[in-house]
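# Breakdown of the fold
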Amino acid sequence: FAQPAIGIRGGINYGAVAEPAVIGGVLPDFKNIFGWNIGVIGEIPINRSLSYQPELALNQKGFQLREGLNIDLFKIPIPIGASAVTRVNYIDLPLLLKYKLGNQAWNAYLTAGPVFSYATGGQLQTKAQVLFDIPITSTDLDLGALGYSRMEVSASLGAGLSFDTGAGALFFDAR
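Quick look at the structure, then.

Rules behind the numbers
Residues numbered from 1 in each chain as written. Predicted model: local features only at pLDDT ≥ 70, side-chain atom pairs only at ≥ 80, totals over all residues. Heavy atoms only, no water. Helix = DSSP H or I, 4+ residues; strand = E, 2+ residues; numbered from the N terminus. Rg over C-alpha atoms; globule rule 2.2 N^0.38 Å. Buried < 20%, exposed > 50% of the residue type's maximum accessible area, 1.4 Å probe, protein only. Patch = residues over 30% accessible without salt bridge, like charges linked within 9 Å, V, L, I, M, F, W, Y side chains within 5 Å. Areas by Shrake-Rupley, 256 points an atom, 1.4 Å probe, with all protein chains shown as cover. Salt bridge = Lys/Arg side-chain N within 4 Å of Asp/Glu carboxyl O. Pairing = 2+ DSSP bridges. Polar contact = N/O pair within 3.5 Å; in protein donor to acceptor, adjacent residues only side chain to side chain. Contact = heavy atoms within 4.5 Å. Phe/Tyr/Trp six-rings, centres within 6.5 Å; stacked < 30°, edge-to-face > 60°. Lys NZ or Arg CZ within 6 Å of the ring centre and 35° of its normal.

### A look at the overall build of the protein chain
- When helices and strands are tallied, the protein chain shows 0 helices and 9 strands.
- What you see in the protein chain, going N to C, is helices and strands ordered as β-β-β-β-β-β-β-β-β.
- Computed over its C-alpha atoms, the radius of gyration of the protein chain comes to 21 Å, more than 25% above the 16 Å expected for a compact globule of 175 residues.
- For the C-alpha atoms alone, the extent of the protein chain along its principal axes is close to 65 × 45 × 30 Å.
- Out of the 175 residues belonging to the protein chain, those deemed buried represent 27%.

As structure tokens, this is what we get:
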């Protein structure tokens with residue numbers, strides 16, 4: 001079976017935020033946002049089909065509160081509103097097991113395992129909208145002063161495809 005390997009990964013997140021029932025009718029709707037992630041991956045074979053895949057990654061998560069309306073001007077809807085976007089940056093340490101099916105040229109795989117995360121910082125951006133977004137403020141968040149729980153433990157389940165390019169492997173996965 002293969003030798004240990006190391007690589008890099010990059011991608012986007014599209015996360016969901018649960019709206020607390022207590023504030024459901026008081027605040028504007030919570031909206032999902034896109035974030036980025038980039039990391040270093042190791043793969044240590046256990047046997048031909050199973051390997052250990054530790055990773056170290058930087059990951060951005062967040063949500064948006066948006067309120068607005070459309071004003072009809074000569075039967076053309078003009079969007080007017082405001083939004084507040086919260087983004088929090090994390091260092092993630094996924095410790096995954098990877099099960100592969102396939103051959104040297106390509107393989108399909110499944111991954112599963114715990115993810116340990118630490119929030120390093122965050123930012124709150126506010127914008128007004130009149131036809132297009134107008135930035136108003138950008139404020140760094142003091143997570144400690146806000147009582148934000150910086151440590152997070154979660155689980156990761158994923159599936160993907162890997163292709164041998166001759167110079168290495170190219171992989172695509174969803175988690």
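There is more to say after this.
### Focus: a nonpolar patch on the surface
- Where nonpolar side chains cluster on the molecular surface, the patch consists of Trp-36, Ile-38, Leu-56, Leu-58, Ile-91, Leu-93, Phe-116, Tyr-118, Met-151 and Val-153 and spans about 930 Å² of accessible area.
- Going through the elements one at a time, strand S3 (34–45), strand S4 (50–73), strand S5 (76–102), strand S6 (106–130) and strand S8 (151–164) are the ones with two or more residues in the nonpolar patch.
- Judged by relative accessible area, Ile-91 falls into the partly exposed class, the value being 36%.

### Quick look at the pairing of strand S9 (residues 169–174)
- Burial of S9 is sparse: only 0 of the 6 residues sit out of reach of the surface.
- Pairing analysis gives 6 bridges linking S8 to S9, with the strands arranged antiparallel. Within the sheet, the bridge partner assigned to Ala-159 lies in S9 and is Ala-174.
- Between S8 and S9, which pair antiparallel and follow one another directly, the connecting turn spans 4 residues, one of which, Gly-166, has a positive phi of 95°.

### So, the pattern of salt bridges
- According to the stated counting rule, one finds 7 salt bridges in the structure shown.
- Arg-175 serves as the salt-bridge partner of Glu-55, at 2.7 Å between the closest nitrogen and oxygen. Here Arg-175 lies in the segment after S9 and Glu-55 lies in strand S4, a separation of 120 residues in the sequence.
- Given the relative accessible area of 3%, Glu-55 is considered buried.

### Quick word on the side chain of Asn-13
- On the secondary structure map, Asn-13 appears in strand S1 (residues 5–14).
- Here the side chain of Asn-13 touches Asn-59 through a polar contact of 2.2 Å, side chain to side chain.
- Apart from residues lying up to four places away in sequence, Asn-13 is in contact with Ile-33, Phe-34, Gly-35, Trp-36, Asn-37, Asn-59 and Gln-60.

### So, the packing of aromatic side chains
- A complete count under the given rule lists 1 aromatic pair for this structure.
- When the ring of Tyr-14 is compared with that of Phe-34, the centres are 4.8 Å apart and the planes differ by 40°; the resulting orientation is tilted. Remark: Phe-34 occurs in strand S3 and Tyr-14 occurs in strand S1; sequence separation between them is 20 residues. Of the two residues, Tyr-14 and Phe-34, both sit in the exposed class.
- A cation over an aromatic ring shows up here: Lys-61 above the ring of Tyr-90, its NZ or CZ 4.3 Å from the ring centre.

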